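Architecture at a glance
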Amino acid sequence: MSDFDHIAAQLPDPFRLLWREKVSSTNDELRALAEKGMAEGLVLVAEEQVAGRGRRGAEWFSPKGESLAFSVLLRPTEPKGFWSRLSLVAGLAVAEALEKYVPLAEIKWPNDVLIGGKKIAGILVEAGKDYVIVGIGINVNTEDFPPGLAATSLAIERGGEVAREEVLLEVVKRLGRYAPEIGSGFLDLLTGIRERCHLTGRHVALTCADRRREGLVRGIGSAGELLLDSDGKTEAIVQADEVRLITNTGC
Ligand code: BTN
């Protein structure tokens, strides 16, 4: 019996819950199931991850029983070129779910969710040949973070604990509605993404394919790319390894 059992029946079709006490990484476990042909919609949630991963192989801090660590298996029918949009789409699903508890959650392109400039959730989207794993880590009830980590949690922001299973349900409901819209429906989703874009109007330094760029973020383009003004022109950045704020002016 886990805390998550009672929401299992409330998940919309085609989502089904698979709870695990302890895993290496929910993304890795779910990938193994996806490779075996598991149908779309499996949501693997773990009480404890011993090798949770962030982007670029970074360790993901998710203390047992306090944070929410889960992965969702999708098998998009849209062309592969659209799949990277799932990072922003998942960001929107998470931000809106968190806004059931706090006034505003922002999306830091391409895959973080922030509250008051501090990270509250991270998203790791990994694609296989015919599937996508959307891995989501949310700081729900964590109160203590390692020194140097600019992070926050729902419990800190609200001043009290929040039921992790309720947060999971809110995220999955939205992901279920938004994930099928990465093709022709993406423009509609962009409104919510742009409203919550943490980087718009800010100066950033970003690294992409070992090239460093600096500039002012204009916003998010119609395909989900970051629009960066630098050296007198606007560039559309499709992918970046790291995005750092240089100043906090604007926005
Ligand atoms: C990041 O911010 O760099 C992404 C963090 C993603 C963490 C989640 S927790 C659930 C899933 N399993 C993992 O190993 N990583 C993702």
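Residues numbered from 1 in each chain as written. Predicted model: local features only at pLDDT ≥ 70, side-chain atom pairs only at ≥ 80, totals over all residues. Heavy atoms only, no water.

Topic: the domain arrangement of the chain
As far as domains go, the chain holds domain 1 (5-195) and domain 2 (203-245). In this structure, domain 1 and domain 2 have C-alpha centres spaced 24 Å apart. Taken over both partners, the interface formed by domain 1 and domain 2 buries close to 1,000 Å², and the fraction arising from carbon and sulfur atoms is 59%. In this assembly, domain 1 and domain 2 are joined by zero salt bridges. Seen at the junction of domain 1 and domain 2, the total is five residue pairs in polar contact (both at pLDDT 80 or more). (Domains from an automatic or database assignment. Buried area = accessible area lost by both parts, 1.4 Å probe. Salt bridge = Lys/Arg side-chain N within 4 Å of Asp/Glu carboxyl O. Polar contact = N/O pair within 3.5 Å; in protein donor to acceptor, adjacent residues only side chain to side chain.)

Here we look at the environment of Glu 165
Note that Glu 165 resides in helix H4 (residues 164-178). The residues contacting Glu 165, other than those within four sequence positions of it, are Asp 3, Phe 4, His 6 and Ile 7. (Helix = DSSP H or I, 4+ residues; strand = E, 2+ residues; numbered from the N terminus. Contact = heavy atoms within 4.5 Å.)

Considerations on the nonpolar core
Counting residues in each nonpolar core, the largest one holds 63 residues, and the members touching the most others are Phe 70, Leu 98, Ile 138 and Val 167. If one sorts the elements of this core by residue count, helix H2 (residues 85-98) sits on top with 10 residues. Taken domain by domain, the makeup of this core includes at least three residues from each of domain 1 (5-195) and domain 2 (203-245). Look past the residues within four positions of Leu 98 in its chain and what remains in contact with it is Ala 105, Val 113, Ile 120, Ile 138, Leu 154 and Val 167. Ala 34, Leu 42, Leu 73 and Tyr 131 belong to the second largest nonpolar core, which has nine residues in total. (Core = buried A, V, L, I, M, F, W, Y, C linked by side-chain atoms within 4.5 Å. Buried < 20%, exposed > 50% of the residue type's maximum accessible area, 1.4 Å probe, protein only.)

A closer look at the site of the ligand
Close to the ligand lie 21 residues, the nearest being Ser 25, Gln 49, Arg 53, Arg 55 and Lys 119. At a separation of 2.8 Å, an oxygen atom of the ligand approaches a polar side-chain atom of Ser 25. At 2.9 Å, a side-chain N or O of Gln 49 approaches a nitrogen atom of the ligand. About the coverage of the ligand: the protein hides 97% of its 420 Å² of free accessible area. Only helix H1 (26-35), strand S3 (68-74), strand S6 (118-127) and strand S7 (132-138) provide two or more residues apiece to the shell around the ligand. (Near = heavy atom within 4 Å. Areas by Shrake-Rupley, 256 points an atom, 1.4 Å probe, with all protein chains shown as cover.)

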